[in-house]
Amino acid sequence: METDTGTDMGTDIKDTTHPLDAAAVLGLLPSRPRVLALGEPTHGEDTLLEVRNALFRQLIEHEGYRTITIESDCLLGLIVDDYVVEGTGTLDEVMERGFSHGFGASAANRELVRWMRDYNKDRPWPDRLRFAGFDGPLEITNAESPRRALLALHGYLAAHGNKDLLPCTADTLDRLLGTDEQWTEPAAMLDPARSAGRSAEARELRLLADDLVAVLDEQTPHLIAATSRDAWDRARLYGRTATGLLRYHYWMADTTPDRMTRLLGIRDSMMAENLLALAERAPVLAFAQNSHFQRHKSTMRMWDHPLLEWWSAGALVNARLGEDYAFVATALGTIHHRGVGTPPPDTIEGLLYALPEDRYLVNLTQLSTALGDTPPVPRESPWFGYAPLGLEHLTESDGLVFVKDVPKS
């Protein structure tokens, strides 16, 4: 019996869908991308993470991807990487300490880490999977102190480089950093005067951080030979994070109308630089909210600000990598426990929801042809935590994963 999609093009729309597997995803692309990004329209739903896990496993086992990175603290991610590569620590410890944004509580994330560790056992080093967080050490209400990243970078250079080239001692950094509480003050997000980002000490730290990164770059051949490329990569991560955090704190103290635009842009820029660094090492599978991967300009309304606009991490990476970057968005039908009910039939989610399968891949080029000249109506969400599919995703994504119903985890 043919499914009624609510339009006279039901069969055509049905023909745009394919089984959700690695071969079908790569079949939408001109070549295997260096960065393959899978987005999600909401956080905290293990059903979506289980879809991710199954797809990423196939891409690893059959298509040669060797790094998985998610929207989590890039420095905490090193704890997870040490576990999946070398078995350092226990799974319980890693899930408690290796994730930001509460992602360590997810059963699906736990299963991913467990599987990665099992996959790596007894494999030669070049074939082992790597894990990374690619977000900065940032939360909604505050940014981390630059202490962790700055002192780690300085410690690496002091231990393995030419100490005479260092612009300062660790004690000087410690004195200038002061207390971590002044950096993580939650009130600074709404009150720039509460931020330490433009103090005399913070300005000096920005110069010193820049000099430390310059020394790291200048000493690259020696440092790789004295340690390893992996250790040098971590030092580069410390440098990117330290300079990014200091820049972020500087703009937290700003009082101009551009303040929030700059903060949003800096965060995604930090994400993009982390993704590009990972892609230098090996092909990367990335997972985050759709908005961090989209190619079109991101927008947001926040508090009493006018519409904010900035370029996402995906847009920045796409500009650098071209066809070596691909983005597959995810859309869904219902999240009843969040008040998100059956989508209206004239929305793209409603048209896809009328099809019988629970989850599938959509060829967006074919879907655009099937829809013809009448664009679907944008869906509106009654819950702030779910972002419906934007019409731009239909033309600027490489594919679409559709999950019909998301039950409570």
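Criteria and cut-off values
Residues numbered from 1 in each chain as written. Predicted model: local features only at pLDDT ≥ 70, side-chain atom pairs only at ≥ 80, totals over all residues. Heavy atoms only, no water. Helix = DSSP H or I, 4+ residues; strand = E, 2+ residues; numbered from the N terminus. Rg over C-alpha atoms; globule rule 2.2 N^0.38 Å. Buried < 20%, exposed > 50% of the residue type's maximum accessible area, 1.4 Å probe, protein only. Contact = heavy atoms within 4.5 Å. Lys, Arg positive; Asp, Glu negative; His and termini not counted. Charge placed at Lys NZ, Arg CZ, Asp CG, Glu CD. Pairing = 2+ DSSP bridges. Core = buried A, V, L, I, M, F, W, Y, C linked by side-chain atoms within 4.5 Å. Axes fitted to C-alpha atoms, helices over the stretch in contact; angles between N-to-C directions. Parallel < 35°, antiparallel > 145°, perpendicular 65-115°, else oblique. Left-handed = near helix turned anticlockwise from the far one by under 90°. Nonpolar A, V, L, I, M, F, W, Y, C, P; charged D, E, K, R; others polar. Salt bridge = Lys/Arg side-chain N within 4 Å of Asp/Glu carboxyl O. Patch = residues over 30% accessible without salt bridge, like charges linked within 9 Å, V, L, I, M, F, W, Y side chains within 5 Å. Areas by Shrake-Rupley, 256 points an atom, 1.4 Å probe, with all protein chains shown as cover. Polar contact = N/O pair within 3.5 Å; in protein donor to acceptor, adjacent residues only side chain to side chain. Expected span 1.5 Å × (residues − 1).

With an unreviewed UniProt entry as reference, the protein chain is termed Erythromycin esterase, source organism Streptomyces rimosus subsp. rimosus.

**Q** Account for the overall build of the protein chain, with residues named and values stated.
**A** Tallying secondary structure elements over the protein chain gives 18 helices and 10 strands in all. The C-alpha radius of gyration computed for the protein chain amounts to 22 Å, which stays within 12% of the reference 22 Å derived for 409 residues, consistent with globular compactness. Across its three principal axes, the protein chain shows a C-alpha extent of roughly 75 × 55 × 35 Å. Here the protein chain holds 409 residues, and the buried ones make up 53% of them. Sequence separation of at least 24 residues holds for 78% of the intrachain contacts in the protein chain that already meet a minimum separation of 6. Charge-centre separation for the protein chain: the mean point of 40 positive side chains lies 5 Å from the mean point of 61 negative side chains.

**Q** So what about unusual backbone geometry? Which residues, and what values?
**A** Positive phi outside glycine occurs at His101, with the angle close to 60°. Tracing the chain through its elements places His101 in the loop between helix H5 (91-97) and helix H6 (107-120). Overall, His101 belongs to the partly exposed group, its relative accessible area being 26%. Positive phi outside glycine occurs at Asp122, with the angle close to 70°. Assignment of secondary structure puts Asp122 in the loop between H6 and strand S4 (130-135). Overall, Asp122 belongs to the exposed group, its relative accessible area being 80%.

**Q** Which residues make up the pairing of strand S3 (residues 67-73), and what values go with them?
**A** When you tally the buried positions in S3, you get 7 out of 7 residues, the bulk of the element. Bridge count for S3 against strand S5 (residues 284-289) is 4 bridges, and the pairing is parallel. Bridged to Ile70 within S5 is Phe287.

**Q** Now, about the sheet that holds S3: what can you tell me, with residues and values included?
**A** Backbone-to-backbone hydrogen bonds pair the strands of a sheet. The strands run either parallel or antiparallel. Within the open sheet, the 8 strands sit side by side as S1-S9-S10-S8-S2-S5-S3-S4. Their pairing is mixed. The sheet terminates laterally at strand S1 (17-18) and S4, the two strands that pair on one side only.

**Q** Before we move on, can you summarise the nonpolar core with the specific residues and values?
**A** Counting 47 residues, the largest nonpolar core has Leu36, Leu59 and Val113 as its most contacted members. Of the residues forming this core, the biggest block, 7 residues, is contributed by helix H3 (residues 46-63). One finds Leu276, Ala288, Tyr353 and Leu389 within the second-largest nonpolar core, a separate group that totals 36 residues.

**Q** Any chance you could break down the packing of helix H4 (residues 77-86) against helix H12 (residues 229-252) for me, citing the residues and the numbers?
**A** Taken N-terminus to C-terminus, the directions of H4 and H12 make an angle of 165°; their axes are 13 Å apart at the nearest point. Our classification of the angle between H4 and H12 gives roughly antiparallel. Two packed elements cross with a definite hand, and for H4 against H12 that hand is right-handed. Contact residues: Leu78, Asp81 and Asp82 in H4; Arg234, Leu237 and Tyr238 in H12. Residues belonging to the contact of H4 with H12 are distributed by class as follows: 3 nonpolar, no polar and 3 charged.

**Q** Describe the pattern of salt bridges, naming the residues involved and giving the relevant values.
**A** All chains considered together, the criterion is met by 23 salt bridges. With a closest N to O distance of 2.3 Å, Arg114 and Asp118 form a salt bridge. A residue pair is termed a helical-turn pair when its members lie 3 or 4 positions apart in one helix, as Arg114 and Asp118 do in helix H6 at 4 residues. In this structure Arg114 comes out as partly exposed when scored by relative accessible area, which is 31%. Beyond isolated ion pairs, a larger network of salt bridges with shared partners links Arg57, Glu111, Arg114, Asp118 and Lys121.

**Q** Can you lay out a positive patch on the surface for me, pointing to particular residues and giving the numbers?
**A** A cluster of basic residues, Arg203, Arg206, Arg247 and Arg262, forms a positive patch at the surface. As for its placement among the helices and strands, Arg247 is situated in helix H12. Judged by its relative accessible area of 32%, Arg247 is partly exposed.

**Q** Report on the side chain of Asp73, specifying residues and quantitative values.
**A** Summarising the element assignment, Asp73 is placed in strand S3. Under the relative-accessibility criterion, Asp73 is labelled buried at 5%. A distance of 3.2 Å separates the side chain of Asp73 from the backbone nitrogen of Leu76, its partner in a polar contact. Beyond its immediate stretch of four places on either side in the chain, Asp73 contacts Ser100, Gly133, Asp135, Gly136, Pro137, Glu144 and Arg148.

**Q** Residue-level account of H12, with values.
**A** Over its 24 residues, H12 extends 34 Å from the first C-alpha to the last, a length consistent with the 34 Å expected when each residue adds 1.5 Å. Within H12, 18 of the 24 residues are buried, which leaves it mostly tucked inside the rest of the structure.

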